[in-house]
Amino acid sequence: MRTSQRKMIDGHIHFAHYAYKNALINILKGAGVDKLAVVCTPDEKRLSLVPDALHLKGHYPDQVYVFGGLDISPLLMTPDIAGEAFAHYVDVLMGLGADGIKMIEGKAEIRKRLPIPDFDDPVYAPYWAKLAHDQIPLIFHVNDPEEFWDSEKVPAWAREMGWYYGDGTYIDNEDQYRQVLNVLDRHPDLKVIFAHFFFLSAQLDRLGTYLDRYPNMHIDLTPGIEMYFNFAADPQKARDFFLQYQNRIIYGTDIGARALLTDRAAGIEPEESLARIEVVRGFLENEGPFKLTHTGFLFGGPKAAFHGIGLPDDVLDKIYHRNFERFAGQTPKPLNPEAIVEECERLETMINAMAVFQPGMAGDTSSVSAVKAYFSP
Ligand SMILES: [Zn+2]
């Protein structure tokens, strides 16, 4: 891999606890990453991981973009007007100093756990209209690798994670594509990055038709390791696609996903994070086959064969930073400490209320309280 200094923005990082700050920053500094986007998911015990992300941005205001997760409580408490509540919450998040919105709600496992209406249901309409009208950047996780729906093809590790979706109790992936494309047909200018290549890395022609149809649609390179095996199956076709859609592809790694999904105690691990960077950069920059020197979570073991597509420098610069900056802004938006303190107070109240509303959902306010103290005058 070339080691020349280039400007790098990681557009897809998870940050499950404010105490992970130094570990994350050290990893990214060591790897030459200049800026990052934290994508926030809902949390069962703490409702929201937005305060943790804002805390990180408080320390690194020029480097950290925050994509706030929606407060999912309207789905449980006021489902008939959830879309209006979400539209309002977009203003709340942007008022705190968020740079955009993250939705993980299209992951089949999440859709099973929460009463999420179809994305093209009228309930959601005010929310999509708001995002499109205000041109709010959205990073949206829709579906998962298609083999997760296929009992013959689902990898053993995915089954272990509870990501086998073919038993009829999960949303169907094609159904979900249909819903999301309906939303885009209503709002063709929606400013969106579909995470993980929209899980269409094995169907590049199909993905290309969507990119042609919706001018503000982007895709990120965050593994889904299957993406890199799919690309390796026909590197020339992959390379042609990357050249054709060089303005629509965004670098991202999912660093921090493991600490979020499986092992919070271990925090964000350097080795696993470096493997993520190596998979993506190796693919973009190497010419020909390459092997990983780092070991990653869900990465197919040391024998996995990858294949690079050796992109030219000007295309790499677009994928590594220019496309993201055009999408989310040259610099992160400023924070509003007063509004953050207010939102932390509201979250504390909500966490305690949800514990009553949903017994067994023991609320944890420790981190939101710490973040509130940090931003308090
Ligand atoms: Zn992710």
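Structure: above.
What you see is a predicted model; the values in this text were computed from it and never measured. (Residues numbered from 1 in each chain as written. Predicted model: local features only at pLDDT ≥ 70, side-chain atom pairs only at ≥ 80, totals over all residues. Heavy atoms only, no water.)

Talk me through the overall build of the chain; I want residue IDs and the actual numbers.
Of the regular secondary structure elements, the chain holds 16 helices and 12 strands. In terms of C-alpha radius of gyration, the chain reaches 20 Å, essentially the compact-globule figure of 21 Å for 377 residues. Its C-alpha atoms give the chain principal-axis dimensions of roughly 55 × 45 × 40 Å. Relative to its 377 residues, the chain shows a buried fraction of 57%. A total of about 14800 Å² of accessible surface is found on the chain, and carbon and sulfur atoms cover 52% of it. (Helix = DSSP H or I, 4+ residues; strand = E, 2+ residues; numbered from the N terminus. Rg over C-alpha atoms; globule rule 2.2 N^0.38 Å. Buried < 20%, exposed > 50% of the residue type's maximum accessible area, 1.4 Å probe, protein only. Areas by Shrake-Rupley, 256 points an atom, 1.4 Å probe, with all protein chains shown as cover.)

Which residues make up the packing of aromatic side chains, and what values go with them?
One pass over the structure, following the stated rule, counts 35 aromatic pairs. Look at Phe119 and Phe140: their rings are 5.2 Å apart centre to centre, the planes differ by 90°, and that puts the pair in the edge-to-face class. Of the two residues, Phe119 sits in the loop between helix 5 (108-113) and helix 6 (125-134) while Phe140 sits in strand 7 (residues 138-142), which places them 21 residues apart along the sequence. Of the residues examined, Phe140 reaches a relative accessible area of 2% and is grouped as buried. Look at Phe241 and Tyr245: their rings are 4.8 Å apart centre to centre, the planes differ by 45°, and that puts the pair in the tilted class. (Phe/Tyr/Trp six-rings, centres within 6.5 Å; stacked < 30°, edge-to-face > 60°.)

Describe the nonpolar core, naming the residues involved and giving the relevant values.
One finds Tyr127, Trp128, Phe197, Phe198, Leu221 and Phe242 to be the most contacted residues of the largest nonpolar core, which totals 107 residues. If you tally residues by element for this core, the top one is helix 15 (residues 337-357), at 7 residues. Listed in part, the 11 residues of the second largest apolar core include Phe67, Ile139, Phe327 and Ala328. (Core = buried A, V, L, I, M, F, W, Y, C linked by side-chain atoms within 4.5 Å.)

I'd like a rundown of helix 9 (residues 204-213), residues and numbers included.
Within helix 9, the full set of buried residues consists of Leu204, Arg206, Leu207, Gly208, Tyr210 and Leu211. Of the surrounding secondary structure, the elements contacted by the buried residues of helix 9 are helix 8 (173-186), strand 9 (217-220), helix 10 (226-233) and helix 11 (235-244). (Contact = heavy atoms within 4.5 Å.)

Tell me about the coordination of the zinc ion, and name the residues and values.
Around the zinc ion, the protein contributes the donor atoms His12 (NE2), His14 (NE2) and Asp254 (OD), at 2.1 to 2.2 Å from the metal centre. When the donor residues of the zinc ion are listed from N- to C-terminus, their spacing reads H-x1-H-x239-D. Residue His12 is located in strand 1 (residues 9-13), and its partner Asp254 is located in the loop between strand 10 (249-250) and helix 12 (257-261); the two are separated by 242 residues in the primary sequence. You can call Asp254 buried: its relative accessible area is 8%. (Donors = N, O, S within 2.8 Å, 3.2 Å for Na, K, Ca; no water.)

Please set out the pattern of salt bridges residue by residue, giving values where relevant.
Within the structure shown, the criterion is met by 22 salt bridges. A salt bridge links Asp118 to Arg111; the nearest nitrogen and oxygen atoms lie 3.2 Å apart. Owing to a relative accessible area of 34%, Asp118 belongs among the partly exposed residues under this scheme. Its salt-bridge partner being Asp175, residue Arg178 comes within 2.8 Å of it at the nearest N-O pair. (Salt bridge = Lys/Arg side-chain N within 4 Å of Asp/Glu carboxyl O.)

Give me the lowdown on the sheet that holds strand 2 (residues 35-39), citing residues and values where you can.
Reading across from one edge, 1-2-5-6-7-8-9-10 is the order of the 8 strands in this open sheet, with parallel pairing throughout. The two strands at the open ends of the sheet, each matched to only one other strand, are strand 1 and strand 10. Sheet topology note: the strand 9/strand 10 ladder contains 2 bridges and is parallel. Each bridged residue has a counterpart across the sheet, and for Asp220 the counterpart in strand 10 is Ile250. (Pairing = 2+ DSSP bridges.)

Tell me about the side chain of His55, residues and numbers included.
Position of His55 among the secondary structure elements: in helix 2 (residues 50-59). Judged by its relative accessible area of 8%, His55 is buried. Contact partners of His55, with chain neighbours within four places excluded, come to Tyr18, Lys21, Val371, Tyr374 and Phe375.

Please set out unusual backbone geometry residue by residue, giving values where relevant.
Here the bond from Pro223 into Gly224 is cis, since omega is 5°, no more than 30 degrees from zero. A positive phi is found at Phe197, a non-glycine position, where the angle reads about 60°. Classification of Phe197 as buried rests on a relative accessible area of 0%. Despite not being glycine, Phe199 has its phi angle at roughly 55°, a positive value. Structurally, the position occupied by Phe199 is in the loop between strand 8 (192-194) and helix 9.

Could you give me a rundown of the environment of Pro115, with the residues and numbers involved?
Looking at the secondary structure, you find Pro115 in the loop between helix 5 and helix 6. Given the relative accessible area of 45%, Pro115 is considered partly exposed. Separated by 85 residues in the primary sequence, Pro115 and Gly30 place their C-alpha atoms 41 Å from one another. Apart from residues no more than four positions distant in its own chain, Pro115 is found in contact with Leu75 and Leu76.

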